[in-house]
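Given next are the chains, with one letter for each unit.
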Amino acid sequence: MKRTRVKICGFTEENDIYEAVKIGIDAIGIVFYEKSKRFVDINKAIKLRKEIPIFVNCVALFVNATKDFIMKVQDKVCPDILQFHGDIESQQFCESFHQKFIRAIRIGSDHLNSTEQIYLECKKYNNASGILFDSYTNNYGGSGKIFQHDLIKNLDKKINCPIILSGGINHDNLETAIKNIQPWAIDVSSGVESSCGIKSKNKMKDLISKLYHIDINNSRL
Ligand SMILES: O=C(O)c1ccccc1N[C@@H]1O[C@H](COP(=O)(O)O)[C@@H](O)[C@H]1O
């Protein structure tokens, strides 16, 4: 059976991480973007990090952050993976931290609204460990907004890199999204929240259990 991996992003409470780990979430995202309602400072992030055990990844998310700040997070928080969610981070910049990274491609802006444009953008990041597709919004992410998935259909074979499907994924649209795109992983933030930055134990459980059944059914096809 192919198991779709799950990252949940934007944790602000230790107990929410504890619950997420207990139900089998693969990666925990911490947002280091000050304008996000899910932003946590380095001191809080150190406390959140302590809740993430081995074999579960800690992902540090940045939006157009400075090199100094990212290096400080590397030093103090020790994330496993960096996620670049802004629009000015070049491949060279992403690589310069000598750590695995995810590049977010935000679909729906004027220059990223066709499969060809998206493909060319992905190709710029050929050393990324994963390409994450999110919806374009002025606030950069965590919007709950879905994009037109057909634009990235079968792109994984062309770019030869694991695809992480994001942008408005929730319990209700999960099945169609997985069947259509068959991503390596999904990344969810607002779809499992009770309020901004507060993750709902029940919504996380419902999502994981639905995904488990979708993966089993897909492997029978
Ligand atoms: O979560 C945030 O607040 C955030 C802020 C700035 C950039 C990215 C952010 N989160 C990422 O947004 C997507 C989608 O979230 P949602 O499920 O649509 O709410 C996800 O990749 C998060 O990692």
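Preceding block: the structure.
No experiment lies behind these values; they were computed from the predicted model shown.

Definitions and cut-offs
- Residues numbered from 1 in each chain as written.
- Predicted model: local features only at pLDDT ≥ 70, side-chain atom pairs only at ≥ 80, totals over all residues.
- Heavy atoms only, no water.
- Salt bridge = Lys/Arg side-chain N within 4 Å of Asp/Glu carboxyl O.
- Helix = DSSP H or I, 4+ residues; strand = E, 2+ residues; numbered from the N terminus.
- Near = heavy atom within 4 Å.
- Polar contact = N/O pair within 3.5 Å; in protein donor to acceptor, adjacent residues only side chain to side chain.
- Areas by Shrake-Rupley, 256 points an atom, 1.4 Å probe, with all protein chains shown as cover.
- Axes fitted to C-alpha atoms, helices over the stretch in contact; angles between N-to-C directions.
- Parallel < 35°, antiparallel > 145°, perpendicular 65-115°, else oblique.
- Left-handed = near helix turned anticlockwise from the far one by under 90°.
- Contact = heavy atoms within 4.5 Å.
- Nonpolar A, V, L, I, M, F, W, Y, C, P; charged D, E, K, R; others polar.

### Side note on the pattern of salt bridges
Move 1: Taken as a whole, this structure holds 12 salt bridges when the rule is applied.
Move 2: The salt bridge involving Arg-103 is made with Glu-89; its shortest N-O contact spans 3.1 Å. With Arg-103 in strand S5 (residues 101–107) and Glu-89 in the loop between strand S4 (81–84) and helix H4 (91–95), this residue pair connects regions lying 14 residues apart in the sequence.
Move 3: Here the salt bridges do not stand alone but share partners, grouping Arg-38, Glu-193 and Lys-199 into one network.

### Points about the site of the ligand
Move 1: Taken together, 24 residues surround the ligand, and among them Ser-36, Gly-142, Ser-166, Asp-187 and Ser-190 come closest.
Move 2: A distance of 2.6 Å separates an oxygen atom of the ligand from a polar side-chain atom of Ser-36.
Move 3: The backbone of Gly-142 places a nitrogen or oxygen atom 2.8 Å from an oxygen atom of the ligand.
Move 4: If the ligand stood free it would expose 510 Å²; the protein chains cover 99% of that surface.

### A short note on the packing of helix H7 (residues 174–181) against helix H8 (residues 201–220)
Working note: a packed helix pair is described by the angle between its axes plus the distance between those axes.
Move 1: In contact at an axis separation of 10 Å, H7 and H8 are set at 40° when each is read in the N-to-C sense. By the criterion of interaxial angle, the relationship of H7 to H8 is oblique. In the packing of H7 onto H8, the handedness of the crossing is right-handed. Residues Leu-174, Glu-175, Ile-178 and Lys-179 of H7 form the contact with H8, whose own contacting residues are Leu-207, Lys-210, Leu-211, Ile-214, Asp-215 and Asn-218.
Move 2: Of the residues that constitute the contact of H7 with H8, the class distribution is 5 nonpolar, 1 polar and 4 charged.

Purely spatial values, then, with no claim about function.
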